[in-house]
Every structure is written in C-alpha cells, then in structure tokens.
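Working through the structure, step by step
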Amino acid sequence: MTGTPHYQTVRTISHSAKSYLASLGYCTVHVSPSPVPIDIIGWKGRDELVFVKVISSREWKSPEKVQLRVKELAGLVRSVPLKAEVELWTSVPGSWNRYRVYPGGICALSGRSA
C-alpha cells in the first residue's frame, strides 16, 4: 500500500479550496462544469464577492498551462464588469498560493511568492 501523496489531485483540490474559503467566513458554491474559467464562487455579506480558479501544483509547474489560465482569467476581468475579485489559487503542502487577477496579469496575495 502506498502512502498519502504530498499533492492534491484535480478531483480533490477544488473541494479543499472551497473548504479553505469557507474557513475564512465565505459562503461558497462549487461551479462545475462552467462556461467561464471559474471553479468556486465565494461571498461574505453583501460586499465581498470572489471568483476562484484552482489549479494543481503539477499544472503550476507548466508555464504554458499557467499562461493559458492567466490569459483566460484576465480576459474575464477585462470583458465582464465584475464587482468582485478574481483569484487564481494553487495548492502547496500545508497552504495555498493565491494570486489576484488583473486585466494585464496576476499579482501574488499570499504564499511563498507573496
């Protein structure tokens, strides 16, 4: 029998992210499948709304895949007048690397590169 891997699979990572967002006080909804590149919608009261795209640490290691995800999310920010934050999350053992998405790219919010 093998031990627990030090990474999360695509199937488990979005559920883990949803639980983490809920632990921060957000109500959450998992969106799948979705016509937009979003996995989770979270809201806190009437004033805080966040859209989250979660990618695995394995996907994060592929610059081409990350660039594609950022391009999709930045396009969403540019094309839809949202009163919400759009974030890209990737899992690392024991924590999350979180990035805010802007029309031109991303900026680290937390994690090792923040």
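Residues numbered from 1 in each chain as written. Predicted model: local features only at pLDDT ≥ 70, side-chain atom pairs only at ≥ 80, totals over all residues. Heavy atoms only, no water.

**Comments concerning the overall build of the chain**
Check the secondary structure of the chain and you find three helices and six strands. Mapped from its N terminus to its C terminus, the chain presents α and β elements in the order α-β-β-β-α-α-β-β-β. Across the 114 residues in the chain, those meeting the buried criterion constitute 36%. Counting only contacts in the chain whose residues sit at least 6 apart along the sequence, the fraction spanning at least 24 positions is 41%. For the chain, the exposed area adds up to about 7300 Å²; of that, 55% sits on carbon and sulfur atoms. (Helix = DSSP H or I, 4+ residues; strand = E, 2+ residues; numbered from the N terminus. Buried < 20%, exposed > 50% of the residue type's maximum accessible area, 1.4 Å probe, protein only. Contact = heavy atoms within 4.5 Å. Areas by Shrake-Rupley, 256 points an atom, 1.4 Å probe, with all protein chains shown as cover.)

**So, the pattern of salt bridges**
By the definition in use, this model includes five salt bridges. The partner of Arg69 in a salt bridge is Glu72, and the shortest N-O contact between them spans 3.4 Å. In this pair, Arg69 and Glu72 are both assigned in helix 3 (residues 63-79), three residues apart and thus about one turn of the helix distant. On the basis of relative accessibility, which here comes to 31%, the residue Glu72 falls in the partly exposed class. By sharing partners, the salt bridges in this structure join Glu85, Glu87, Arg98 and Arg100 into a single network. (Salt bridge = Lys/Arg side-chain N within 4 Å of Asp/Glu carboxyl O.)

**A look at the sheet that holds strand 5 (residues 95-102)**
Adjacent strands of a sheet form backbone hydrogen bonds with each other and so pair up, either parallel or antiparallel. Taken in spatial order, the six strands make up an open sheet running 1-2-3-4-5-6, and their pairing is mixed. Of all the strands in the sheet, the pair left with one neighbour each is strand 1 (27-30) and strand 6 (105-110). Pairwise comparison of adjacent strand axes, ignoring direction, gives a mean angle of 30° for this sheet. With respect to the sheet, helix 3 is in contact with strand 3 (48-55), strand 4 (85-92), strand 5 and strand 6, its orientation differing from that of strand 5 by roughly 50°. (Pairing = 2+ DSSP bridges. Axes fitted to C-alpha atoms, helices over the stretch in contact; angles between N-to-C directions.)

**Some words on the confidence of the model for the chain**
Per-residue confidence for the chain gives a mean pLDDT of 83; residues scoring 70 or more make up 87%. In the model of the chain, helix 2 (residues 57-60) stands out as the element of lowest mean pLDDT, 78, in contrast to strand 2 (residues 40-44), which has the highest, 95. Ignoring residues within four places in sequence, the model shows residues 1-7, a span with pLDDT below 50, making three contacts including any to other chains. (pLDDT = per-residue confidence, 0-100.)

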